[in-house]
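Residue-level structure breakdown
Each chain, written out:
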Amino acid sequence: MHRNCVLSKANFLSTVVEHGLHNCRRSSDAACAKIPSQARVVVCGGGALGTSVAYQLTSAGWKDVIILEQNSVLGGSTLLSAGLMRRLAPSFLQTQILTYTNQSFKDLKAKGYNLGLHRSGSITLAKTFDRFDEIKRHHSVAKAHGFESEILTPEQVEKKFPYLHTADLFGALWVPKDGFINPVTTYEAVLDVAKKQGAAVFENCQVTGVQAQNGAVKSVTTNLGEIDCEYFINCAGLWSREVAKTGFRKIRVPVHPCEHQYLITHPVFPHEDQEYPIVFDLDNRMYMRAYNRGVLFGGFQSDAKVAFPSKIPNDFSQKMLPEDWDTFQPLLENILHRVPSVHNAEPMKLVNGPEAFTPDGRAILGEAPELKKYYVAAGLNAKGTAAALGLGKLLSDMIVHGYPEYETWELDPCRFLDMHNNRDYVKARIREASNWVFGINYPFRDETAHAARKVRTSSLYSSFKSQGAVFGQFMGYERPLFFVTEQMNTLPDPEFFPATFGKPAWHAAVEHEYNACRHGSGLIDLSSFSKFEIKGEGVVEYLQYLCSNDVDIPVGGIVHTGMQNERGGYENDCTITRLGPNFFLLVAPTTQQTRCKKWLKRNLPLKSGISIDDVTSAYTGINVIGPLARDLMNNFGDMSQAAFPFSLVRQTMNIGYASNVLACNITHTGEMGWVLYIPNEYALYVYECLLNFGKEYNLTLTGHYAMRTLRIERFYAFWGQDIDSTTTPFECGRAFRVKFEKERFIGRDALLKQQQEGVRRSYVQLILETHDINNDPWPWGGEPIYCNGNFAGKTTTTGYGYTLGHQVCLGFVKNIDPKTKQEQILTPEWIQSSQFEVEISGRRFPAKVNIRSPRLPAVVPNEHPDVVKYLTTQGDMTGVSKKFSKVTTNDEISKIN
């Protein structure tokens, strides 16, 4: 391929955008116009996202919206975008975002705008077995949601695009309504409509700060003056993190750009009017589309380059980064392999532009936890032009209606802590996140990321590591996933456990730990769980208002409760322990640390004397779990049922020489056990005491994969994985925890209404009794569920049930009328009389349905005379103490506990 005939940068930009950059400037108001002194909404930043937010807000009827742009309103990443449009994404929410965007395109075309939209279809190639498995999973999801798609053979691929080399392919996914747009003409149209609907644009206006009053946005300061406003939206793209650092309070927006290159060639295909599909050759880390008979192709290298490692210049709009042919060389070789005829093409221009990425490869969208009415929409991770209008719709719904149609937790700014906003951390993580654009979306990919690890660790990290722990990170916290012992003849390093969609290499390790917890005793590190001390005059009334369960319990009691929103959905799912008349400890999932604090603070009464202290890092949490847990713990005091009943706490327990250990008779999986919250200075000593005494009781170090399996078999839902802000207690079988006799709590009216009307979706457990774990593809969450042959929902979390002996899927189902597409009221009788299937990689597996926790045999102390069923089904009990020789159902063991 020749590298001559290269256009100048200025000529290239004119060529790419076709309308010329001067048109971008025509679409804005006069740059030197006097800015207003007040506005309802100030959008900081133009580009695809800023203009989309203004478009969606004004479409919803809000007129007083202004965009402030420090350069040109449609410069930067929007100008340099390749304009690819897809309709399918790895998650349901991301797919819905693309659906919103496509609907907006239809609306704009109906208004007469030419978007340069070509529905040429897309082909996603698979040259590895795992990639082929992945695209079959995407095809299953596409069919379930009504999208047209088809799995192609290599021969069919060649018919769609005759110039492709297909001999090395397993197959491909064809999506006929994908395509590409002209990004500049499209978002000029978006901006034009927004302006006609009332929005105003001011260029060369730089935001220098956001001022607050009473914890909410008050005004915005700029180089052209101050603007009083009700809402501020940070859509500053590459500069969003810098904008967030200015003003009254530092806002966390962990975003930084990587370099993204693509090449445009002179004509290579013979037919002028041929609509060739766009091609995603993800295994070769590249995409391509026809461009005026030539080829536009690009991608991200396996080791992406961080753009602007020191500082992002303010005047970078309408510019490009220097060409880097050496870095681009591997992609060039890939395109020459995939499209051999490109050998004869002459390059027109190599484009190098910055793309803003986040540490986890997902956009940031929502209200900042630090300041009310400060919203963030940033970090589009190379999906800007395809996702901008959809993200704008979600954000508009948040502001106008108070919440969007769908749960947006995966994009919420509350998923971050201060460490995530550390500049060095961000730069380290985005290099890996940019790899995920073309990487296979394996299970637990986020948890096993390699970059910027060992930042947050418990006091026991080094000991766990020496014992063979393989760690994953959650909110940056290192948690043991499982342990590798010498008997397993391998090393404790994740790279020795390759990612897969089938039976994982760690299956035996998790089975060993699971059996210890079910038949002996296990020790699980729960230090990462979010922990808050809440105290002060009026704290009981405050928590009663926040919680749907009754938290006015005796001192020393523990209650499991939801915190509902006004719609009855779960903002939090937590345990609350009463440590004093006006003193409570709240424990929530790891991912809830920022979100929970935001919810607590936002609902705190004005002029309250209540204090809320985040003590997550002050205590090490150890869960001693299993039927031998009580005997083990008896070494440190009387832990009998009479002396220490279930759901109670002992505040000043001594473990050996250590004092002030908080012991809670509760677990998060349904098994017998205690959670110990230990001041960090005592943690290592207490841990070693437990290991020493635990030798007699088969105490086994246990990771979170085994804990996950335990709760899935018990049919226990976890927040953020199964339930979220759209899920009510009636829908997930937790209505018994809602105390309607309380006069007032958030969400009470919505729940009473649902109680009268009935539910339209229900949480179920599905057991795949014909699934072959050694040869069939595994379910990993997100698989379509079919009921009586019709699409009914999707799985949430899944796992192999070692006691049940089958794959177990949790998820929500609906009764959708196949003719009217209307959702019907669900009843237990309808669920139990229906036939369910789960589709995995295109194959449907019959499923037995449970609406209540299944009966699992469990070993219990023979001191309980009411247990009469002897052990007959447990299998290998090697190493289990003879003190425990009988079994009972989980319903009975809950009474014993």
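Notes on the structure in this doc start here. Please read these numbers as outputs of a predicted model, since none were measured by experiment. (Residues numbered from 1 in each chain as written. Predicted model: local features only at pLDDT ≥ 70, side-chain atom pairs only at ≥ 80, totals over all residues. Heavy atoms only, no water.)

**Section: the overall build of the chain**
The helix and strand tally for the chain stands at 22 helices and 41 strands. Taken over C-alpha atoms, the radius of gyration comes to 29 Å for the chain, in line with the 29 Å a tight globule of 897 residues would show. When its C-alpha atoms are laid out on the principal axes, the chain stretches across 85 × 65 × 55 Å. In the chain, which comprises 897 residues, the proportion classed as buried is 62%. (Helix = DSSP H or I, 4+ residues; strand = E, 2+ residues; numbered from the N terminus. Rg over C-alpha atoms; globule rule 2.2 N^0.38 Å. Buried < 20%, exposed > 50% of the residue type's maximum accessible area, 1.4 Å probe, protein only.)

**Re the sheet that holds strand β13 (residues 278-281)**
What the eight strands build is an open sheet, ordered β5-β6-β4-β13-β14-β15-β12-β16; its pairing is mixed. Two strands in the sheet have a free side with no partner beyond their single neighbour: β5 (150-152) and β16 (347-357). Neighbour to neighbour, the strand axes of the sheet diverge by 20° on average, direction disregarded. Each of β4 (122-126), β5 and β6 (171-175) is contacted by helix α6 (residues 129-144), which is oriented at about 25° to β6, the strand it contacts most. (Pairing = 2+ DSSP bridges. Axes fitted to C-alpha atoms, helices over the stretch in contact; angles between N-to-C directions. Contact = heavy atoms within 4.5 Å.)

**Concerning empty space enclosed by the protein**
Counted by the stated rule, this structure contains four cavities of 30 Å³ or more. Computed from the structure, the largest cavity encloses a volume of approximately 110 Å³. What lines the largest cavity is a set of 15 residues, and nearest its centre among them are Trp 506, Arg 708, Thr 709, Gly 799 and Tyr 800. Looking at the lining of the largest cavity, the elements that each hand over two or more residues are α14 (507-519), α19 (704-713) and β34 (790-801). Taken together, the residues of the lining of the largest cavity break down into nine nonpolar, five polar and one charged. For the second largest cavity, the calculated volume is near 60 Å³. (1 Å grid on protein atoms, 1.4 Å probe; cavity = no way out; pocket = protein on both sides within 12 Å on 5 of 7 lines; lining within 4 Å. Points joined across faces, edges and corners; volume = space filled by probe spheres on them. Nonpolar A, V, L, I, M, F, W, Y, C, P; charged D, E, K, R; others polar.)

**Section: the nonpolar core**
One finds Tyr 187, Ile 233, Leu 391 and Leu 395 to be the most contacted residues of the largest nonpolar core, which totals 51 residues. For this core, the element with the most residues is helix α11 (residues 384-401), which contributes nine residues. Setting aside chain neighbours within four positions, we find Leu 395 in contact with Val 53, Ile 233, Leu 365, Gly 366, Tyr 375 and Ala 377. Residues Trp 506, Ala 509, Phe 529 and Ala 706 belong to the second largest nonpolar core, which totals 39 residues. (Core = buried A, V, L, I, M, F, W, Y, C linked by side-chain atoms within 4.5 Å.)

**Comments concerning the environment of Leu 296**
Relative to the elements of secondary structure, Leu 296 occurs in strand β15 (residues 294-299). The spacing of Leu 296 and Ile 278 is 18 residues in sequence and 9.7 Å in space, taken between C-alpha atoms. In contact with Leu 296, other than residues within four places in its own chain, are Ala 82, Tyr 262, Leu 263, Ile 264, Tyr 287, Met 288, Arg 289 and Tyr 291.

**Quick notes on the side chain of Gln 70**
As for its position among the elements, Gln 70 is in the loop between β2 (65-68) and α4 (76-80). A polar atom in the side chain of Gln 70 sits 3.3 Å from the backbone oxygen of Asn 314. Not counting residues within four places of it along the chain, the set of residues in contact with Gln 70 comprises Asn 204, Cys 205, Gln 206, Trp 239 and Asn 314. (Polar contact = N/O pair within 3.5 Å; in protein donor to acceptor, adjacent residues only side chain to side chain.)

**Describing the packing of aromatic side chains**
Applying the stated rule across the entire model yields 41 aromatic pairs. Residues Trp 506 and Tyr 705 carry aromatic rings whose centres are separated by 4.5 Å and whose planes lie at 45° to one another, so their mutual orientation is tilted. Here Tyr 705 lies in helix α19 and Trp 506 lies in the loop between β20 (477-483) and α14, a separation of 199 residues in the sequence. Exposure remark for Tyr 705: the relative accessible area of 6% places this residue in the buried category. Put simply, the rings of Phe 444, Phe 482, Trp 506, Tyr 514, Tyr 705, Trp 778, Trp 780, Tyr 800 and Tyr 802 pair up and form one aromatic cluster. Across the ring face of Phe 474, the terminal group of Arg 479 is positioned such that the distance to the ring centre comes to 3.6 Å. Lying across the ring of Tyr 786, Arg 844 places its NZ or CZ 3.5 Å from the centre. (Phe/Tyr/Trp six-rings, centres within 6.5 Å; stacked < 30°, edge-to-face > 60°. Lys NZ or Arg CZ within 6 Å of the ring centre and 35° of its normal.)

**A word on the sheet that holds strand β25 (residues 583-588)**
Taken together, five strands build an open sheet; the order of strands is β23-β24-β25-β22-β26 and the sheet is antiparallel. Looking at strand neighbours, the two that pair on one side only are β23 (558-564) and β26 (611-614), the edges of this open sheet. Taken over all neighbouring pairs, the strand axes of this sheet differ in orientation by 30° on average, direction set aside. Note that strand β24 (residues 570-580) and β25 share five bridges and pair antiparallel. When the sheet's bridge partners are listed, Thr 575 is paired in β25 with Val 587. Sheet strands in contact with helix α16 (residues 593-602) are β22 (530-535), β23, β24, β25 and β26, and its direction is about 20° off that of β22.

**As for the pattern of salt bridges**
On inspection of all chains with the given rule, the structure shows 39 salt bridges. One salt bridge in this structure joins Asp 283 and Arg 131, with 3.0 Å as the shortest N-O distance. On the criterion of sequence distance, the pair formed by Asp 283 in the loop between β13 and β14 (286-291) and Arg 131 in helix α6 is long-range, its members being 152 residues apart. In this structure Arg 131 comes out as buried when scored by relative accessible area, which is 2%. In this structure, Arg 137 engages Asp 133 in a salt bridge whose closest nitrogen and oxygen atoms are separated by 3.1 Å. Taken as a pair, Arg 137 and Asp 133 lie in helix α6 at a separation of four residues, close to a single helical turn. Looking at Arg 137, the relative accessible area reads 12%, which means it is buried. (Salt bridge = Lys/Arg side-chain N within 4 Å of Asp/Glu carboxyl O.)

**Describing unusual backbone geometry**
A negative phi angle is the norm for most residues apart from glycine, just as the trans form is the norm for most peptide bonds. Phi angles above zero are rare outside glycine, and Arg 285 is one such case at about 65°. Relative to the helices and strands, Arg 285 resides in the loop between β13 and β14. We note that Asn 788 has phi near 55°; this positive angle belongs to a residue other than glycine. Relative to the helices and strands, Asn 788 is located in the loop between β33 (784-787) and β34. Judged by its relative accessible area of 44%, Asn 788 falls in the partly exposed class.

**Re the packing of α14 against α19**
α19 packs onto α14 with a crossing angle of 60° between their chain directions and a minimal axis gap of 8 Å. Here α19 runs oblique to α14, going by the angle between their axes. Taken as a pair, α14 and α19 cross one another with a handedness that is right-handed. Note on element contacts: α19 touches α14 through Tyr 705, Ala 706, Thr 709, Leu 710 and Glu 713, opposite Val 510, Glu 513, Tyr 514, Cys 517 and Arg 518. Class assignment of the residues belonging to the contact of α14 with α19 gives a composition of six nonpolar, one polar and three charged. (Parallel < 35°, antiparallel > 145°, perpendicular 65-115°, else oblique. Left-handed = near helix turned anticlockwise from the far one by under 90°.)

**Describing the pairing of strand β38 (residues 836-840)**
Counting buried positions over the five residues of β38 gives four, a clear majority of the element. Pairing of β33 with β38, which is carried by three bridges, proceeds in the antiparallel orientation. Each residue of the ladder has a partner; that of Cys 787, found in β38, is Phe 836. Note that β38 and strand β39 (residues 843-850) share five bridges and pair antiparallel. Directly across from Ile 840, in β39, lies its bridge partner Arg 843. Taken together, β38 and the strand that follows it, β39, pair antiparallel across an intervening segment of two residues, in which Ser 841 is found at a positive phi of about 50°.

**Remarks on the side chain of Arg 429**
Among the secondary structure elements, Arg 429 is positioned in helix α12 (residues 423-435). Of note is the side chain of Arg 429, whose polar atom sits 3.1 Å from the backbone oxygen of Pro 359. When near neighbours in sequence (up to four residues on either side) are disregarded, Arg 429 contacts Pro 359, Asp 360, Trp 436, Ala 449, Ala 451, Ala 452 and Gln 473.

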